[in-house]
Amino acid sequence: MIIMAVLFISAGLMFLVYPHSVTNASDQQIKDRVITSRWVGGSLIILACLFLIMGTIQLFDQASHHIGH
């Protein structure tokens, strides 16, 4: 799960940092691409953070289950 989170974070950062590409697109198309890229990058980073939080909660749950029995 940690490896998947790292991959999602790195892909999200790539979408946030490199949204521009050299094409013959108009300014509006480039602006739309940048907005979409930022949404995708932010969503991937948030998803990775949720994976890490859920994994941590699951580890705590497993540890507490062994203590109770």
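A brief structural summary.

Cut-offs and rules
- Residues numbered from 1 in each chain as written.
- Predicted model: local features only at pLDDT ≥ 70, side-chain atom pairs only at ≥ 80, totals over all residues.
- Heavy atoms only, no water.
- Helix = DSSP H or I, 4+ residues; strand = E, 2+ residues; numbered from the N terminus.
- Buried < 20%, exposed > 50% of the residue type's maximum accessible area, 1.4 Å probe, protein only.
- Phe/Tyr/Trp six-rings, centres within 6.5 Å; stacked < 30°, edge-to-face > 60°.
- Polar contact = N/O pair within 3.5 Å; in protein donor to acceptor, adjacent residues only side chain to side chain.
- Patch = residues over 30% accessible without salt bridge, like charges linked within 9 Å, V, L, I, M, F, W, Y side chains within 5 Å.
- Areas by Shrake-Rupley, 256 points an atom, 1.4 Å probe, with all protein chains shown as cover.
- Salt bridge = Lys/Arg side-chain N within 4 Å of Asp/Glu carboxyl O.
- Contact = heavy atoms within 4.5 Å.

## Describing the overall build of the protein
Check the secondary structure of the protein and you find two helices and zero strands. Burial status across the protein gives 14% buried among its 69 residues.

## Digging into the packing of aromatic side chains
In this structure the tally under the stated criterion is one aromatic pair. With centroids separated by 5.7 Å and ring planes inclined at 25°, the aromatic side chains of F8 and F51 adopt a geometry described as stacked. One end of the pair, F8, is in helix 1 (residues 2-17); the other, F51, is in helix 2 (residues 27-68), and 43 residues separate them in sequence. The exposure class of F8 is partly exposed, given its relative accessible area of 21%.

## A closer look at the environment of V34
Within the secondary structure layout, V34 lies in helix 2. A sequence separation of 18 residues divides V34 from L16, and the C-alpha atoms of the two residues are 8.5 Å apart.

## Focus: the side chain of S37
You can see S37 is positioned in helix 2. On the accessibility criterion, S37 (8% relative accessible area) is buried. Polar contacts involving the side chain of S37 include one to the main-chain carbonyl oxygen of F15, which spans 2.5 Å.

## Things to note about a nonpolar patch on the surface
On the surface, L13, M14, L16, V17 and Y18 cluster together into a nonpolar patch covering about 520 Å² of accessible area. Inspection of the secondary structure puts V17 in helix 1.

## Examining the environment of F15
Along the polypeptide, F15 turns up in helix 1. Sequence separation of F15 and G41 is 26 residues, and the distance between their C-alpha atoms is 4.8 Å. If we ignore the near neighbours within four places in the chain, the residues touching F15 are S37, V40, G41 and L44.

## Comments concerning the environment of G55
Structurally, G55 is set in helix 2. Judged by relative accessible area, which is 12%, G55 ranks as buried. Along the sequence, G55 and I2 sit 53 residues apart, while their C-alpha atoms lie 8.5 Å from each other.

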